[in-house]
Every structure is written in C-alpha cells, then in structure tokens.
Amino acid sequence: MSVKTKTNGASSNRKQRSGLAEVMFRLKKSPLAMFGLGIIALIVFFAIFADVVAPYKFYAQDLDHMFETPSRAHLLGTDEFGRDILSRLIYGARVSLQVGFIAVSIALIAGGTLGAAAGYYGGKTDNIIMRVMDVLLAIPQTLLAIAIAASLGPGLLNLMIAVGISATPRYARIVRSSVLSIRGMEFIEAAHAVGSSDFRIIMKHIIPNSMAPIIVQSTLGVASAILNAAGLSFIGLGIQPPNPEWGAMLSGGRQYIRDYPHLTLYPGLTIMTTILALNFLGDGLRDALDPKQRR
Amino acid sequence: MIRYILRRILFLIPVIVGVAFCVFTLLYFTPGDPARMILGDMATEEAIQNFREAEGLNSPFFVQFGNYIYRAVTKGDIGRSYMTKRPVMNEIMQAFPATLKLSFFAILISIVIGIPCGILSAIKQYSIFDTVIMILAMVGLSMPVFWLGLLMIILFSVHLGWLPSSGFDTFSAMILPSLALAAQSISMVTRMTRSSMLEVVNADYIRTARSKGQKESVVILRHALYNALIPVVTLCGLQFGQLLSGAILTESIFAIPGVGRIMVEAIKTRDFPMVQGGVLAIAIVFSVVNLAVDVLYAFIDPRIKAQYK
C-alpha cells in the first residue's frame, strides 16, 4: 500500500523526494515533533559524552555538601551523599536510553519474528502463536515486567530482558496485522511467481512495506520502556545503587521528600521530559508516515 | 446473544490457565529452594527432604504444575508466603478490596474528565482549547505515576496541608492517590474520545441529522457520541489493567494497604510466591473485567447482536 501511494502522492504537485526525505519534510511541519526530536538529540548527546559534559563523576561523594539546594557549584544541588544531581542525571541518561533502545530491540526482534511468521503462514502457526500472545496480553505490561524482573533478580541486563519480553506481544500483533494486509497484494504474488523463497519475500518485500506502523510503535515503545524501567527501579527491581538511574534516584530521594524535595523533583522532571519528547516524536511520525493523514 | 457470552466465558479458561502457567514457570525457575525458604535456615536436611516429598517438590515440572492448578482450583491454594508463612491467597484476598477501590475510583475519574474533554476537543478541532487539551493529555501520558504522586504529596500534603499523604480510609485520603493513578488514563480516554469522535462527526448520518434540523447538542450527544463511545469502552477495559498494575506503584507511595504494597514488600524480601500470587490475582481480575467489557459490547453494539441471532 505505502509503495503505491508514496509515488503517486509525492509526484502530484511537488518535487519528487526519496522516502526518508519525504517523511522528514512532513515531520518538519509539526513543531511538537521537532521539539521532541531536538530534546532527544540533546539527551543522546549528553548520554554519549557524559564523561566530558558532566561536571562531576556520578559516584563522587562530598559529605561536607549534602542536600545542597541548587547553586553555582552544583547546578541542581546535591543528594544525600553529597553527589552532584546534574551529573548523576547525565550519566543516568546512558542507562535509561540503553534500557529503552535495547528493550525495544528485544521486543521488536522477538515480537517481529513471531508476528511475521503468524501473519505470513496463517492457519495453525498463526493460531498457536497468537493464542500464546493473547495469554501474555492478559497480564498488564507493567505487571508482566515486574513478574519477570522479580524472578530474574535486579540488574541492568535483567531489567532490559523483563521490559523487552513484556512488550513482545504488542509488536507481534502489530507486525502480524501489517504483514496480513500486505500478504495478499499483487507484488507478493509476483515475487512468488518468479520463485522467491519465503524468507526472501518476508525480508525483502513484506518488512520494508510494513515499516510505518512498526517505526511509530517503536518510538512510543522506547518511551514506555523507559517509563517501565524507571518504575521497576523505583520499587527496587532495576538498577541497584550507586549506579545512577532516574527511577532509582527518585526512589532514593523519596524518604527526604519533606525537607529536600529537589532530590525527587529533578529526576522526575528528566524522566517526564524524555518520555514527553519521545511521545511527541512518535505522534508526529505517525502523522508523517500515514499517507491518509496527508494535508 | 447467550451464545456469544458463553463463548467469551469459555475462552477465559485457557487464558487463565495460560497465565497460571507463566506465573508457575517463573516461580519454578526463580533461584532459591522453596523448602529451604519456608522452613528457614535452621531446618535440618532431613526435614527439608521430608517437606519436599510431602509438598511434591521432587516431582517433574508438569506434575507440579498439574498439582498447582489442582490445588488452586479445589482449595484456592496458590502457595505460601516465605515471610509470613501464611497462605498467599488469604493475604491477597485481604488486600484486594483496597486495590480494586483505588482502580475503580481512578477509572471513574478518567471517564468523568476524559470523555467531556475529548468531545469538546473534537468539536472544536484545531482551536486553542483543543491544542491545550492535547498537549496536557500528552504531558499526562508522559508523567510517571510515582513522580506525580510524590509531587502531589509535596504540594498538597507538605506545603498546603490540605490532604493527607497516606492511608485510604477517608474520602480526603482517597483523592490524591486516585488522581495520581488516573492521570494517564484521563489522557488516554481524552485522546481516544477525541479521535473516535472526529471519525464519526464526518459520517453521512451526522450530516443527515443536521440537515433535518436537529439541535446541535442532540446531534453530538445522541448521534455522534453514542457511536463514538464503542472504542472508548474497549479502552476503559484495557485501562483498568493498566490501573491495577499502576496501583502497585501508587499504593507504595501513598502507603495504601493493597495488593501492590504487599507485592513491593514481597519483592524487597524476595518472597516470590507472594509476588507471583499478586500477578496471578491481578491478571485474573483484568481478564474478567475485559470479559465484562466484551459482554457489555453485545448490548451496546447492535452489530454483534445481529451476528449471534
């Protein structure tokens, strides 16, 4: 579907653009999406260059300056061990982005494979795979992540696995439905006719043409993965101290909330801004990638 | 109609068995010996062996799973807490009403606020009101429930002193947790109502209703809303599951004695049967709620009624 409309729509009254350029062109029209993209670029930059950008090390304690409110030396103040909150947030971006992207990759690979197989082969394969996914969907996502993380134990890798697996059924469903909508098209039949293998047809023809909903879901998925991971860390299932994770920082500052609210304020604000940016971008991408929405 | 409902109820059984299987498997592969955990570090090797034999812990995996299901169905026994040594079922039953109450209030708030906001946003599409509501909804979606809860405590309990920061007995104590928990679903319901209204308001029968001179309020509320609500009802069912699991975080922040708080305590003390029991209980309630939504469908959507006549 997207192949046909792309060429038709773009050539009608403006210059022909490649797929990506066309999407960027439409994305630029949405100020909120661009705002989201900007914030995410900034966070990625901070995460990559944390060693250079952060004014202090995330583990550097300064017991003479505990619970300090924001000042010139510590822009966002210090925590219960006198550690610089801003630096910890910057290092924490590494953890959160890692969790977000890797968890979504896990979900995408597992769910995508299952969904593509279910949609492409149909029949019994479809039935078995989707019934199993139905069972997993009967457990709310956060809860499933908690259940898996509780069994695996705390730690970064386990956190990613738990969040990733809990998101898998969603991707399986989305991939399956977009594969289903493409499977019956003529160009797939043509590929069959010239003797392409199933694997080649799925990889070369079906997946590229079903990317739009998957990209949107993945962008929003990174947001919910980061949110879930922060929630798990908050109840003590994720990253263990002293590693800087936003949810864990919030959880640590919680007991001092009455006297030193800045310990919880900034980590929460960081989480919210990140999620908000990803959501704006995801929404913008959905509009930009959906040919029906074109205005 | 009856056939549809029966079919849906029958479909619930494999789903619940499947969920139980997941929970049991997770429990089975969790490191740590249940016998050792229940009897304590002081127990002799012999006592542990006897306990393993008596509880069937030496049997193969699927036999154990069969026993687990059998005991769950006949005696309501889903294991025993490592910490309190009491049956998990009792503890969860005791705590569940608070969690249900919290989720119920939250879904009520989401409907009462979300649907009107969604309608107004849709009929005033691209107005300032619409833009503000949509941005607010996005902020609500992006707000971690545990942070919102803490912010509310800082503002309303610590600074203003208007509302208590913990407990769940009085009405005033329920306001903050329910609102904090509801924030995300308010946003979801608003967005869903808006988009589903927008799809409906351009339909032919709406134009017909207008052209025959029907009052605008009747057109919107009766003709459009009634049809636009169907996906919103589904969403509310799904949201209930999100709320039940969101309640885990909310309860631990506001110190509400519900299933969530039990689970968080259990996670900290590595009391796995308790954690997985909570998961099982919430998943079952979630499935039942979705079943109820599907049955409700049969009443509000004439297309389903027609299919099963």
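Residues numbered from 1 in each chain as written. Chains lettered and ligands numbered in written order. Predicted model: local features only at pLDDT ≥ 70, side-chain atom pairs only at ≥ 80, totals over all residues.

Along the backbone of chain A there are 13 helices and 0 strands. Going residue by residue from the N terminus, the α and β elements of chain A occur as α-α-α-α-α-α-α-α-α-α-α-α-α. Its C-alpha atoms give chain A principal-axis dimensions of roughly 75 × 50 × 30 Å. Looking at chain A as a whole, 47% of its 295 residues are labelled buried. Here the analysis covers contacts within chain A between residues at least 6 apart in sequence; of these, 70% occur between residues at least 24 apart. (Helix = DSSP H or I, 4+ residues; strand = E, 2+ residues; numbered from the N terminus. Buried ≥ 20, exposed ≤ 12 C-beta atoms within 10 Å, placed from the backbone. Contact = placed C-beta atoms within 7 Å.)

Residue and element names in this part refer to chain B. Where helix 10 (residues 216-254) contacts helix 12 (residues 272-300), the axes come no closer than 9 Å and their chain directions differ by 170 degrees. With respect to helix 12, the axis of helix 10 lies roughly antiparallel. In this structure, helix 10 uses Ile230, Val233, Thr234, Gly237, Phe240, Gly241, Leu244 and Ser245 to contact helix 12, whose residues at the interface are Ile282, Val285, Phe286, Val289, Asn290, Val293, Leu296 and Ile300. Classifying every residue of the contact of helix 10 with helix 12 by side-chain character gives 11 nonpolar, 5 polar and no charged. (Axes fitted to C-alpha atoms, helices over the stretch in contact; angles between N-to-C directions. Parallel < 35°, antiparallel > 145°, perpendicular 65-115°, else oblique. Nonpolar A, V, L, I, M, F, W, Y, C, P; charged D, E, K, R; others polar.)

Quick look at helix 12 (residues 246-253) of chain A now. Of all the 8 residues making up helix 12 of chain A, 8 are buried; the element is thus mostly covered by neighbouring parts of the structure. Within helix 12 of chain A the residues assigned to the buried category are Trp246(A), Gly247(A), Ala248(A), Met249(A), Leu250(A), Ser251(A), Gly252(A) and Gly253(A).

We now examine the confidence of the model for chain B. Close reading of the predicted structure is inappropriate where its pLDDT is low. Residue and element names in this part refer to chain B. When pLDDT is averaged along chain B, the result is 83, and 98% of the positions lie at 70 or above. By mean pLDDT, the top-scoring element of chain B is helix 6 (residues 128-142) (90), and the lowest-scoring one is helix 13 (residues 302-307) (71). As scored by the predictor, the complex reaches a pTM of 0.84 and an ipTM of 0.83. (pLDDT = per-residue confidence, 0-100.)

Once that is clear, we can look at the environment of Tyr82(B). Residues and elements named next belong to chain B. Relative to the elements of secondary structure, tyrosine 82 occurs in the loop between helix 4 (61-75) and helix 5 (88-123). The sequence separation of tyrosine 82 and isoleucine 123 amounts to 41 residues, and the corresponding C-alpha distance is 56 Å. Other than its neighbours up to four places away in sequence, tyrosine 82 contacts Met37, Ile38, Asp271 and Pro273.

Further remarks concern the packing of helix 8 (residues 156-183) of chain A against helix 11 (residues 211-234) of chain A. Axes are the key here: two packed helices are described by the angle between their axes and the distance separating the axes. Residue and element names in this part refer to chain A. The contact between helix 8 and helix 11 brings their axes to 10 Å, and the two run at 155 degrees. Judged by the inter-axis angle, helix 8 sits roughly antiparallel to helix 11. Handedness of the crossing formed by helix 8 with helix 11: right-handed. Facing helix 8, whose interface residues are Leu159, Ala162, Val163, Ala167, Tyr171, Ile174, Val175 and Ser178, helix 11 presents Pro213, Ile214, Gln217, Gly221, Ala225, Asn228, Ala229 and Leu232. (Left-handed = near helix turned anticlockwise from the far one by under 90°.)

So, about the nonpolar core. With 151 residues, the main nonpolar core has Val163(A) and Val19(B) as its most contacted residues. At 16 residues, helix 10 of chain B tops the list of elements feeding residues into this core. The residue makeup of this core includes at least three contributed by each of domain 1 (2-75) and domain 2 (89-268) of chain B. In terms of nonpolar packing, the next biggest core, distinct from the first, is built from 11 residues, Tyr56(A), Ile85(A), Ile90(A) and Tyr266(A) among them. (Core = buried A, V, L, I, M, F, W, Y, C linked by C-beta atoms within 7 Å. Domains from an automatic or database assignment.)

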